[in-house]
Structures are given as C-alpha cells and as structure tokens.
Amino acid sequence: MAKILVSSCLLGCAVRYNGSDVEVNSQDFNWLVDTQEIVPLCPEVSAGLPIPRAPAEICGGSGTEVLAGTARVIGSDREDLTDQFILGADLALRLCRDQDIKFAVLTENSPSCGSNFIYDGSFSGVKKKGIGIVAARLRESGVLVFSQHRVGRLRDLVEISRSI
Ligand code: SF4
C-alpha cells in the first residue's frame, strides 16, 4: 500500500472556488481510494482562501513560472493571489516531506493542482498545456504527480513496485 496525496475535491469535499467538488468515476480511481492510504489536501483552503472564492488563473505562464517569479495568479476580481497559491504549494510539499509521500493525484485544469492542463489566464474558459503551482512544486521535489484521468499509470507503477 502506498501513501498518496489526493486533491480533496476529488474525494467529495466541496472545496472548489464555487463550493463544489469534482466527480470522478473510474475503476482506477476506485482502486486508489479502496486500496491505498489516502492523504487528502486542498492547498488553496489550507493557505487560508475561503469557500466560495473568486476563480483564479495563472497569467503569464504556468506554475513553474509562478514559482520562478515571472507569472502571477490573478482572481477574476483582479486580486493578486500569488502569495496564497505559493503558500498552498509549500504546505503541500511540507506534508509530502513530513509523511514521506512520493505520489500525488491532483485535479486537472486547476491553477494549483493541474498537472497537464490549466486555464490560459484570459478567464474565457480556454485551456492550455501547462502545470499548476502545487504540481510544479511537488514535481521539482521528486513527487510523482498524476491527474485524476491518469490514475491507471500510478496503479501500474504501484503494482510493479510491489511485485519486485
Ligand atoms: S486547490 Fe486543488 S484540491 Fe483545492 S479545490 Fe482546487 S483543485 Fe481541488
């Protein structure tokens, strides 16, 4: 059994900006929650952001650039939320280090949790290839990050490592 950090909105917690969760229906996700040790976290709420809150997008790059200081996280109300989002990423990394967590399953498209796609910063519903701030922070520290759509790859890894 592996210890796995999971975005809490994937686990039925209504922590998204609009007070909703994210429904996931897949056999691989069922395998995840039924057989692995789950550590839930919403980095944005952990960083003190309220529910509900204004939607936020990364402007000028992706999570990697936010951590490098060359892009910002902006709310739809134009508030600069960069510091709070970086704090959420740092809290996620601290949790992984404290609990020796090497895998994470994070919510696709989120400016924090996205690992393949994020919104493009125009608040027009357009996505682009890119990584969120939490996913970037964890990956740069060696945590393997998967979206909820790619849990099958994580399952393969966990089952292979169990068999050797
Ligand atoms: S920060 Fe991550 S866990 Fe929290 S609501 Fe957004 S996608 Fe879900």
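The notes below deal with the structure included here.

How each quantity is defined
Residues numbered from 1 in each chain as written. Predicted model: local features only at pLDDT ≥ 70, side-chain atom pairs only at ≥ 80, totals over all residues. Heavy atoms only, no water. Core = buried A, V, L, I, M, F, W, Y, C linked by side-chain atoms within 4.5 Å. Buried < 20%, exposed > 50% of the residue type's maximum accessible area, 1.4 Å probe, protein only. Helix = DSSP H or I, 4+ residues; strand = E, 2+ residues; numbered from the N terminus. Salt bridge = Lys/Arg side-chain N within 4 Å of Asp/Glu carboxyl O. Axes fitted to C-alpha atoms, helices over the stretch in contact; angles between N-to-C directions. Parallel < 35°, antiparallel > 145°, perpendicular 65-115°, else oblique. Left-handed = near helix turned anticlockwise from the far one by under 90°. Contact = heavy atoms within 4.5 Å. Nonpolar A, V, L, I, M, F, W, Y, C, P; charged D, E, K, R; others polar.

1. A look at the nonpolar core
Piece 1. Of all hydrophobic cores here, the largest spans 29 residues; its most connected members are L5, V73, L106, I133 and L138.
Piece 2. Secondary structure elements with two or more residues in this core: β2 (37-41), β3 (56-59), α4 (82-98), β5 (103-106) and α5 (133-140).
Piece 3. Listed in part, the 18 residues of the second largest apolar core include A2, I4, L32 and V105.

2. Brief notes about the pattern of salt bridges
Piece 1. Evaluated as defined, the whole model comprises 8 salt bridges.
Piece 2. Two residues, E37 and K3, come together in a salt bridge whose shortest N-O distance is 4.0 Å. With E37 in strand β2 and K3 in strand β1 (residues 3-7), the pair connects residues that are 34 residues apart, well separated along the chain.
Piece 3. The exposure class assigned to E37 is partly exposed, which follows from its relative accessible area of 37%.

3. Considering the packing of helix α1 (residues 27-35) against helix α6 (residues 151-163)
Piece 1. The contact between α1 and α6 brings their axes to 8 Å, and the two run at 50 degrees. Taken together, the axes of α1 and α6 lie oblique to each other. Between α1 and α6 the crossing geometry is left-handed. Contact residues: α1 offers Q27, D28, F29, W31 and L32, while α6 offers V151, G152, L154, R155, V158 and E159.
Piece 2. Looking at side-chain class alone, the contact of α1 with α6 contains 6 nonpolar, 2 polar and 3 charged residues.

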